[in-house]
2 protein chains.
Amino acid sequence: MIICDGMADRSIPELAYKTPLEIAKKPNMDWIAKRGISGIMDAIAPGVAPGSDTAHLALLGYDPYEIYTGRGPFEAAGAGIELKPGDIAFRANYATVDKNMVVTDRRAGRIHDTEPLAEAVQNIKIKGADFIFRSTVGHRATLVLRGGGISPEVTDSDPHEEGKKPLKFEPCLKAPEQVVPAYPIIAGGVRKYVMRRRRAAKTAKLLNDFSHKAHEILKKHPLNIERAKKKLPPANYLLLRGGGVVPRLVPFYEKFKIRGACVAAAALVKGVCKLSGMTVVNVPGATGSVDTNLDAKAKAALQQLKSHDFVLLHVKGSDEASHDGNLRAKIDIIERTDEIINQFIDAVDFLVVTADHTTPIEFKNHTADPVPVAISGPGVRADDVKTYSERSAANGGLGRIRGKDLIPIIADLMGKGHKFGE
Amino acid sequence: MIICDGMADRSIPELAYKTPLEIAKKPNMDWIAKRGISGIMDAIAPGVAPGSDTAHLALLGYDPYEIYTGRGPFEAAGAGIELKPGDIAFRANYATVDKNMVVTDRRAGRIHDTEPLAEAVQNIKIKGADFIFRSTVGHRATLVLRGGGISPEVTDSDPHEEGKKPLKFEPCLKAPEQVVPAYPIIAGGVRKYVMRRRRAAKTAKLLNDFSHKAHEILKKHPLNIERAKKKLPPANYLLLRGGGVVPRLVPFYEKFKIRGACVAAAALVKGVCKLSGMTVVNVPGATGSVDTNLDAKAKAALQQLKSHDFVLLHVKGSDEASHDGNLRAKIDIIERTDEIINQFIDAVDFLVVTADHTTPIEFKNHTADPVPVAISGPGVRADDVKTYSERSAANGGLGRIRGKDLIPIIADLMGKGHKFGE
């Protein structure tokens, strides 16, 4: 299954109201559509624009409304941290604050090679919880809190703008309709409200103390002193966002009896697959960008297919190009992705090509428009659709399905379906 | 409404990737599709392969996830036993065990005329519950437990293979996510766990005692002694399976204000209709097989339409042919079913033709592929679909619907819809 992140688009006036998929040369995707069955798919529901995190959860058969409280846990899992259900995880940016504690650079001059800083931060000990901190790509990092009596019901510290001070963490109790079963403590009624407030307040205090200590350590760190000498902005503050509780997912294999592997560069997608118990492969040269080594990813996918029933091959570049509003780059990554699909046509039984969500070039962000999906393989009821695109797929034999239906449909075609009743 | 069990199929390479429905001559089904509106339908949900029991429940507007715990109750109801909500019912096979209690024939040489055996078994009395036992077709029978403090949370005794011993009944408490509201005792939390275990243990013991007594009675029964003389395998053991609790269904008439009747041979379908409060007709010559007297069924349906608003006419042969992988027989039963539809075209307002699930000839079991559905009648918004098949229906005006939507759609067309709001 090839998921091209954000590949679906809207009608673009400059393309005579066509979409990038309708313009791109993609004979292999068209082959799948022609030989197979097509449809349109709402990753979550019509009118709901999904994040890549919630979309991938849904495409793997999980209900994001049940298990998603924030992006942090999936980024942290993708970064290789061994998480436990109940951990609270955040995404972090190394940032620069001035003497008045005003954020002057949210990315600390796009610093990289931050491992020495992470090591220093990792030594922070605060009574009440364990802190696990790890640098990831560039100026990014991830923070995990572990311990009893902590809560994801807190605000973030990232002001999302330069010229402002980092925000203080504060308790923010969710309304019951926003409460997710992944975090049982917040599922209770009024009776548990006092307990929830206490946990949230404790967690906010722990995070404020951590942020303060991290700042004290970072501002004196030799690496930052050296950066100051070079007139580079020091990475002296950690802005935290996307906090969420690590959910307990029923393993993918247990749900579907399918041995799954994931070939992806994006930490988020790796994290979703990791938490679902799938094998997650690190591919050298896979960057999560338009310059990624797609051929290496295809080879890795073929390798995993020797020991797995199912491989999710994720291509991030199409989303990046869309967020940048770069039409040429988007068409290019679609065409290059199509080229590698050729290797799978004779190598596997079933091929699925889809996107996790629509990211229109003109809107530069995710929208709720459904995505095209095409499935080819033995027994599949081929329809009259001849090409792979948003528009042609809408006439396909699958009709309009939900993301959560996709794996059950594929499992059934693979002969691994589950009969309900006799 | 004509339901051809398992009629839908997948693309078959030998038929140039067509399906049996696309090959069969079926002018009357095509007439319904051409004059009416078509669509594809997931009896339960996309990707879920239904049993005939859960599918028929859904097609009659019930939620099988709410009321289904096993096939037993529907078989027992179809066999004519007057059930009460809370009864636990099993399907039974007369089987042969040797002196070491190893099953040597799961069907006791496909014994029939088992009434004398059933009479003897019916005399078994065990303190703690009432036992109702009845022979049905051939080597089959059905057992109902009635009494306070019993539970469907027990295993079965059928090893499903010869050369093995019958299994002992044991308590098997379902995980909360498998719990169905039909059996409220298992819907409680940890607090009720002890009670559940006790009920399940009691039920398992009752069933083990029953199985033992039945064996003692059957092995000495004159009919079996006579069979032994004729070198026929004795029917000396009852293998029980498909246990479930009898649900309390809101009657079909109460739900939809439609007086319904059912013309079917299959005990299962009769049972579903019986439990929903529909009139169930016994048609001489209706066998539930490809040799059934379809004309007699059509006549019976026309007769029932004089006193009912709605008749479900069920044809089982198409599923039987599919399970056998018999393409010729499948096409034949489709064509013969089509012939009888001709009698309805002038006789009724609305005609519906569909299947309960897909049973591909090549897979020989139920799959989750959606089934075609076509509805003709006054006021129906006819679409461009010209023939009745899986593929053509996917382009129809109904789109992709769920089984539970079908009766409400039909009721609305009949002017018996229910307005929600004003």
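To start, this report covers the structure provided alongside it. These numbers were taken from a predicted model, which means no experiment stands behind them.

1. Focus: the overall build of chain A
Then, in step 1: Scanning chain A from terminus to terminus reveals 15 helices and 14 strands.
Then, in step 2: By the compact-globule yardstick of 22 Å for 422 residues, chain A fits well, its C-alpha radius of gyration being 22 Å.
Then, in step 3: With the principal axes as the frame, chain A shows a C-alpha extent of 65 × 55 × 40 Å.
Then, in step 4: Counting only residues that meet the buried cut, chain A has 57% of its 422 residues in that class.
Then, in step 5: The contacts in chain A between residues at least 6 apart in sequence include a share of 73% that link residues at least 24 apart.
Then, in step 6: Carbon and sulfur atoms provide 51% of the accessible area of chain A, an area that totals close to 17700 Å².

2. Structural notes on the relation of the copies chain B and chain A
Then, in step 1: Rotating chain B by 123° and moving it 0.1 Å along the rotation axis overlays it on chain A with an RMSD of 0.1 Å. The transformation relating the two chain copies, once decomposed into turn and shift, fits a three-fold axis.
Then, in step 2: Comparing interface residues between copies, only 3% of those in chain B also lie at the interface in chain A; the contact surfaces differ.

3. Let's talk about empty space enclosed by the protein
Residue and element names in this part refer to chain A.
Then, in step 1: Throughout the structure, instances matching the rule amount to four cavities of 30 Å³ or more.
Then, in step 2: A total of three residues in the lining of the largest cavity trace back to one element, the largest contributor, which is helix 15 (residues 403-413).
Then, in step 3: Looking at the lining of the largest cavity, its residues break down into eight nonpolar, three polar and four charged.

4. Examining the packing of aromatic side chains
Then, in step 1: One pass over the structure, following the stated rule, counts 14 aromatic pairs over all chains.
Then, in step 2: Their ring planes at 80° and their centres at 5.9 Å tell us that Phe90(B) and Phe169(B) sit as a pair that is edge-to-face. With Phe90(B) in strand 4 (residues 88-97) and Phe169(B) in the loop between strand 7 (140-146) and helix 7 (193-219), the pair connects residues that are 79 residues apart, well separated along the chain.
Then, in step 3: Classification of Phe169(B) as buried rests on a relative accessible area of 3%.
Then, in step 4: Linked through ring pairs, Phe420(A), Tyr65(B), Tyr68(B) and Phe74(B) together constitute an aromatic cluster.
Then, in step 5: Residue placement shows Arg10(A) over the ring face of Phe363(A); its charged tip is 5.9 Å from the ring centre.
Then, in step 6: It is Lys255(B) that lies over the ring of Tyr62(B); its NZ or CZ is 4.7 Å from the centre.

5. Quick notes on the sheet that holds strand 9 (residues 279-281) of chain A
Residues and elements named next belong to chain A.
Then, in step 1: Taken in spatial order, the eight strands make up an open sheet running 9-8-10-1-11-12-2-13, and their pairing is mixed. Each end of this open sheet is capped by a strand with a single partner; those strands are strand 9 and strand 13 (399-402). When the angles between neighbouring strand axes are averaged without regard to direction, this sheet yields 25°.
Then, in step 2: Judged from the four bridges that link them, strand 8 (residues 260-263) and strand 10 (residues 310-315) form a sheet pairing that is parallel. Following the sheet pairing, Val-263 is matched in strand 10 by Leu-313.
Then, in step 3: Packed on one face of the sheet, helix 10 (residues 267-275) meets strand 8, strand 9 and strand 10 and runs near 155° to strand 9.

6. With respect to the pairing of strand 9 (residues 260-263) of chain B
All names here are of chain B.
Then, in step 1: Here strand 9 shows no split at all, with Gly-260 and Cys-262 on one side and Ala-261 and Val-263 on the other all buried.
Then, in step 2: As defined by bridge partners, strand 9 adjoins strand 10 (residues 279-281) across three bridges and the pair is classed as parallel. The residue of strand 10 that forms the bridge with Ala-261 is Thr-279.
Then, in step 3: Handedness of the β-α-β unit built from strand 9, helix 10 (residues 267-275) and strand 10 comes out right-handed.

7. Details of the pattern of salt bridges
Then, in step 1: If you walk through the whole model with that rule in mind, you get 43 salt bridges over all chains.
Then, in step 2: Residue Asp405(A) pairs with Lys404(A) through a salt bridge whose shortest N-O separation is 3.6 Å.
Then, in step 3: A residue is classified by how much of its surface remains accessible, and Asp405(A), at 4% relative accessible area, is buried.
Then, in step 4: The salt bridge partner of Asp9(B) is Lys330(B), with a shortest N-O separation of 2.8 Å. Here Lys330(B) lies in helix 13 (residues 327-345) and Asp9(B) lies in the loop between strand 1 (2-4) and helix 1 (20-23), a separation of 321 residues in the sequence. Each member of the pair, Asp9(B) together with Lys330(B), is buried.
Then, in step 5: Ionic contacts of the salt-bridge type, sharing partners, join the residues Glu422(A), Arg71(B), Glu75(B) and Arg91(B) into one network.

What counts, and at which threshold
- Residues numbered from 1 in each chain as written.
- Chains lettered and ligands numbered in written order.
- Predicted model: local features only at pLDDT ≥ 70, side-chain atom pairs only at ≥ 80, totals over all residues.
- Heavy atoms only, no water.
- Helix = DSSP H or I, 4+ residues; strand = E, 2+ residues; numbered from the N terminus.
- Rg over C-alpha atoms; globule rule 2.2 N^0.38 Å.
- Buried < 20%, exposed > 50% of the residue type's maximum accessible area, 1.4 Å probe, protein only.
- Contact = heavy atoms within 4.5 Å.
- Areas by Shrake-Rupley, 256 points an atom, 1.4 Å probe, with all protein chains shown as cover.
- Least-squares fit on C-alpha atoms with pLDDT ≥ 70 in both.
- 1 Å grid on protein atoms, 1.4 Å probe; cavity = no way out; pocket = protein on both sides within 12 Å on 5 of 7 lines; lining within 4 Å.
- Points joined across faces, edges and corners; volume = space filled by probe spheres on them.
- Nonpolar A, V, L, I, M, F, W, Y, C, P; charged D, E, K, R; others polar.
- Phe/Tyr/Trp six-rings, centres within 6.5 Å; stacked < 30°, edge-to-face > 60°.
- Lys NZ or Arg CZ within 6 Å of the ring centre and 35° of its normal.
- Pairing = 2+ DSSP bridges.
- Axes fitted to C-alpha atoms, helices over the stretch in contact; angles between N-to-C directions.
- Right-handed = clockwise from strand over helix to strand, strands pointing away.
- Salt bridge = Lys/Arg side-chain N within 4 Å of Asp/Glu carboxyl O.

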